[in-house]
Amino acid sequence: MTFNPLRERGIPLDEQVRTWRELAVMPVDPDESDPYTRCRIITMNGIETEAIFFSHHMARHCPDLEMRQQLARVRYIEAQQQKAVNWLLPGLASVLETTITYEQVAVDLTAWVARMEPDPYLKQAYQFGVLEDFDHLYRYANLYEMIEHRKAEKIVDGLTEVMPGRPTYLQHRNPVDNVRQNYDKDATAPISKLHALTIMSAEQQTMNFYMNVGPLYMEPIARQLYQEIGMVEEEHVTHYESLVDPGETWWEMLLNHEYNECYLYHSFMETESDPRIKAIWELHLNMELEHLRLAAEAFKRHDGRDPEQVLAPALPAPVTFEPNKAYVRELLATQIDYTTIGTGYVQEAHERFEAMQRAVLDDEKAASEVIISENAMKSGHEYRLETEGPHPVPSLRMNRPT
Ligand SMILES: [Fe+2]
Ligand SMILES: [Fe+2]
Ligand SMILES: [Fe+2]
Ligand SMILES: [Fe+2]
């Protein structure tokens, strides 16, 4: 059955404000909950955070008082939604445990988007990025074993493998080489716009998270690892945001943001395993339908265009969290040695890349390398979770003592 959010009725905006009691949601159980429920929570937190910041930016550029008032009203609701969603995370989980779930989101969401993306250039951008977050998962899992003496398989639950990707120290590129070519808003498929917005928002929130929690650690190696990976997340935000056509008007961007919120809440409502959380996705979807209607009215009034001209006629297939092990292994086997040059990709290091490597590493080992050898020393082995056999790249295989 097709679902066209432009044709559906939501909750009137005046009825969307929630009491503090309603916002005091009960968190999910860190041990019993579906890891992909936690992934959906983190994804929607990223989406709501983007909705709030985008609305603030738009308000700062909007000369129309009435429109600024409407943005403020909707934004208040987005901020309540963000609180309701992010407060589902259990305070019982440590920051590092939440970090590991952030990287699990980056792996399985980006891999899924790469599989579904119809445009080959955009697909390549996701395939490139996913191998880097896959490596972050491995680095943080080793930090976790070393400082918390626990194993990441309890968190990822065997749904996502943990082993080296493109090594993190090789991800420090000249910023010029992080800027991609943007899609053409008039020619690209509507699904491609939604994919780009989703991954950009998730990466932006990951970057914000690391830059805020990194200094909360006392252990020097943890502080350094969050700094190093935090800088890569800055690269990822640059990489993904540059895919979006900067020629979209503010009204069109607002429309796309609200449409994407509808798409994701609808997707998660369809795929959620926890009935209590599913009810939250459904409630938020019904709020977003009204945000979308208001954005569509503004788009018609100010842009003089019909929303159906720029949006999909119905929601695409639901965004789904599911294992992507075989897909990631295939990418590891074929693209691990890629880097970027200008807006393209190459398999060899080039001058600008090497100069950047010298500038940030200065012949010392990066924290992302140190953590592996330190954990191997302290725990007797480095941490991996290879559920589907040895690493697909022979040089990255290891002989683990059993
Ligand atoms: Fe929202
Ligand atoms: Fe990452
Ligand atoms: Fe990332
Ligand atoms: Fe919204």
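Placed above this text is the structure.
Draft legend 1. How the structure looks around the coordination of the iron ion (ligand 1). Protein-derived coordination of the iron ion (ligand 1) comes from E48 (OE), E48 (OE), E78 (OE), Q81 (OE1), E261 (OE) and E288 (OE), at a distance range of 1.9 to 2.3 Å. Every donor counted, the 6 donor atoms about the iron ion (ligand 1) form angles of 57 to 172° at the centre, which fits irregular coordination. Read in sequence order, the donor residues coordinating the iron ion (ligand 1) give the pattern E-x29-E-x2-Q-x179-E-x26-E. A separation of 3.3 Å is found between the iron ion (ligand 1) and the iron ion (ligand 4), which are bridged by E78. Of this pair, E48 sits in helix α2 (residues 35–60) while Q81 sits in helix α3 (residues 65–86), and the two are 33 residues apart along the sequence. The same class applies to E48 and to Q81, which are both buried.

Draft legend 2. Seen up close, the coordination of the iron ion (ligand 4). Surrounding the iron ion (ligand 4) are the protein donor atoms E78 (OE), E78 (OE), E258 (OE), E261 (OE), E288 (OE) and H291 (ND1), which sit 2.0 to 2.8 Å from the metal. Each of the 6 donor atoms bound to the iron ion (ligand 4) contributes to angles spanning 51 to 177°, and the resulting shape is irregular. When the donor residues of the iron ion (ligand 4) are listed from N- to C-terminus, their spacing reads E-x179-E-x2-E-x26-E-x2-H. By relative accessible area, E78 is classed as buried at 2%.

Draft legend 3. Expanded view of helix α11 (residues 325–335). Of the residues making up α11, those classed as buried are K325, Y327, V328, R329, L331, L332 and Q335. For α11, the elements touching its buried residues are α4 (95–116) and α5 (120–148).

Draft legend 4. Just unusual backbone geometry, in detail. The residue H149 is not glycine, and still its phi comes out positive at about 55°. Considering the arrangement of structural elements, one finds H149 in the loop between α5 and α6 (153–156). Residue classification places H149 among the exposed positions, given a relative accessible area of 67%.

Draft legend 5. Representation of the packing of helix α7 (residues 190–213) against helix α9 (residues 250–271). The geometry of α7 relative to α9 is characterised by a closest axis approach of 10 Å and an angle of 85° between their N-to-C directions. One element, α7, and the other, α9, form an angle in the roughly perpendicular class. Taking contact as the criterion, the partners of I191, K193, L194, L197 and T198 in α7 are, on α9, E252, N256, H257, Y259, N260, Y263 and L264. Residues belonging to the contact of α7 with α9 are distributed by class as follows: 6 nonpolar, 4 polar and 2 charged.

Draft legend 6. Region of interest: the pattern of salt bridges. Tallying each qualifying case throughout the model produces 24 salt bridges. Residues E308 and R7 are paired through a salt bridge, measuring 3.7 Å at the closest nitrogen-oxygen approach. Of this pair, E308 sits in the loop between α10 (275–303) and α11 while R7 is found in the segment before α1 (20–23), placing the two residues 301 residues apart along the sequence. Residue classification places R7 among the exposed residues on the basis of a relative accessible area of 62%. Taken together, the shared-partner salt bridges connect E132, R166, R173 and E235 into one network.

Draft legend 7. Structural detail: the side chain of N260. With respect to the helices and strands, N260 occurs in helix α9. Residue classification places N260 among the buried residues on the basis of a relative accessible area of 2%. If we skip the residues at most four places from it in the chain, N260 touches I47, L194, L197 and T198.

Draft legend 8. Fine view of the packing of aromatic side chains. Taken as a whole and assessed by the stated rule, the structure comprises 13 aromatic pairs. Where Y140 meets Y226, the ring centres are 5.0 Å apart and the plane angle is 45°; that geometry is what we call tilted. Of the two residues, Y140 sits in helix α5 while Y226 sits in helix α8 (residues 220–241), which places them 86 residues apart along the sequence. Among the aromatic residues, those joined into a ring-pair cluster are Y102, Y140, F209, Y210, Y217 and Y226. Here the guanidinium or amino end of R166 rests over the ring plane of F128, the centre of that ring lying 4.1 Å away. Of note, R180 hangs over the ring of Y345, and the distance from its end group to the ring centre comes to 5.1 Å.

Parameters at a glance
Residues numbered from 1 in each chain as written. Chains lettered and ligands numbered in written order. Predicted model: local features only at pLDDT ≥ 70, side-chain atom pairs only at ≥ 80, totals over all residues. Heavy atoms only, no water. Donors = N, O, S within 2.8 Å, 3.2 Å for Na, K, Ca; no water. Tetrahedral: all angles 85-135°; square planar, octahedral: opposite > 155°, others 65-115°. Helix = DSSP H or I, 4+ residues; strand = E, 2+ residues; numbered from the N terminus. Buried < 20%, exposed > 50% of the residue type's maximum accessible area, 1.4 Å probe, protein only. Contact = heavy atoms within 4.5 Å. Axes fitted to C-alpha atoms, helices over the stretch in contact; angles between N-to-C directions. Parallel < 35°, antiparallel > 145°, perpendicular 65-115°, else oblique. Nonpolar A, V, L, I, M, F, W, Y, C, P; charged D, E, K, R; others polar. Salt bridge = Lys/Arg side-chain N within 4 Å of Asp/Glu carboxyl O. Phe/Tyr/Trp six-rings, centres within 6.5 Å; stacked < 30°, edge-to-face > 60°. Lys NZ or Arg CZ within 6 Å of the ring centre and 35° of its normal.

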